[in-house]
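Here is what each chain is made of, one letter per residue.
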Amino acid sequence: MRIESFTQSEWLKISDIISSHCPNEPIIERLISAIDDRTNLFSYTHEFFIKNNFNPVFFPDRPSIEKCKDGKGLMKRLAMYSTVNGKGVIQFKKDYQKYILKNYSVRRKNDDE
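These figures come from a predicted structure and were not determined experimentally.

Time to look at the packing of helix α3 (residues 41-51) against helix α5 (residues 71-79). Closest axis-to-axis distance for the α3/α5 pair is 12 Å, and the angle between their directions is 150°. Judged by the angle between their axes, α3 and α5 are roughly antiparallel. Crossing of α3 over α5 shows left-handed handedness. Every residue of α5 that contacts α3 at L41, Y44, T45 and F48 is listed here: G71, L74, R77 and L78. In the contact of α3 with α5, the residues fall into 5 nonpolar, 2 polar and 1 charged.

Below you can see the structure in the form of structure tokens.
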């Protein structure tokens, strides 16, 4: 069995199970941290955009992302994204916008006056 075949929710369950049995082991803490980092695709994408000088509120086009270091890998991960509402990059973009709206305050310029 390939380790990549686990879904995001399965990784989170694995993390919970491991942490309940070995809460104070440094190697287990590192593993749990790695699982959390890799399963939070929204946070990873957000930080990728910032690191590559994209506005994280607006999703850039595919060629722009793929020109960046690790951009093709990110697009592969986004293509494998899956929820009950849909699959792939299109569904990720919809869900990413929800993530952005939870983390940013978006207002019109005229509302500040």
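Now that the structure has been shown, the text picks up again.
Located in the positive-phi region is N53, a residue other than glycine, with phi close to 60°. Structurally, N53 is set in the loop between α3 and α4 (62-67). Given the relative accessible area of 72%, N53 is considered exposed. The backbone of D70 shows a phi angle near 70°, a positive value even though the residue is not glycine. Among the structural elements, D70 can be located in the loop between α4 and α5.

Here the focus is the pattern of salt bridges. Here the structure, examined in full by the defined rule, presents 2 salt bridges. Across the salt bridge formed by R62 and E66, the nearest N and O atoms sit 3.1 Å from each other. Separated by 4 residues within a single helix, R62 and E66 lie in helix α4, roughly one turn from each other.

Conventions and cut-offs
- Residues numbered from 1 in each chain as written.
- Predicted model: local features only at pLDDT ≥ 70, side-chain atom pairs only at ≥ 80, totals over all residues.
- Heavy atoms only, no water.
- Axes fitted to C-alpha atoms, helices over the stretch in contact; angles between N-to-C directions.
- Helix = DSSP H or I, 4+ residues; strand = E, 2+ residues; numbered from the N terminus.
- Parallel < 35°, antiparallel > 145°, perpendicular 65-115°, else oblique.
- Left-handed = near helix turned anticlockwise from the far one by under 90°.
- Contact = heavy atoms within 4.5 Å.
- Nonpolar A, V, L, I, M, F, W, Y, C, P; charged D, E, K, R; others polar.
- Buried < 20%, exposed > 50% of the residue type's maximum accessible area, 1.4 Å probe, protein only.
- Salt bridge = Lys/Arg side-chain N within 4 Å of Asp/Glu carboxyl O.

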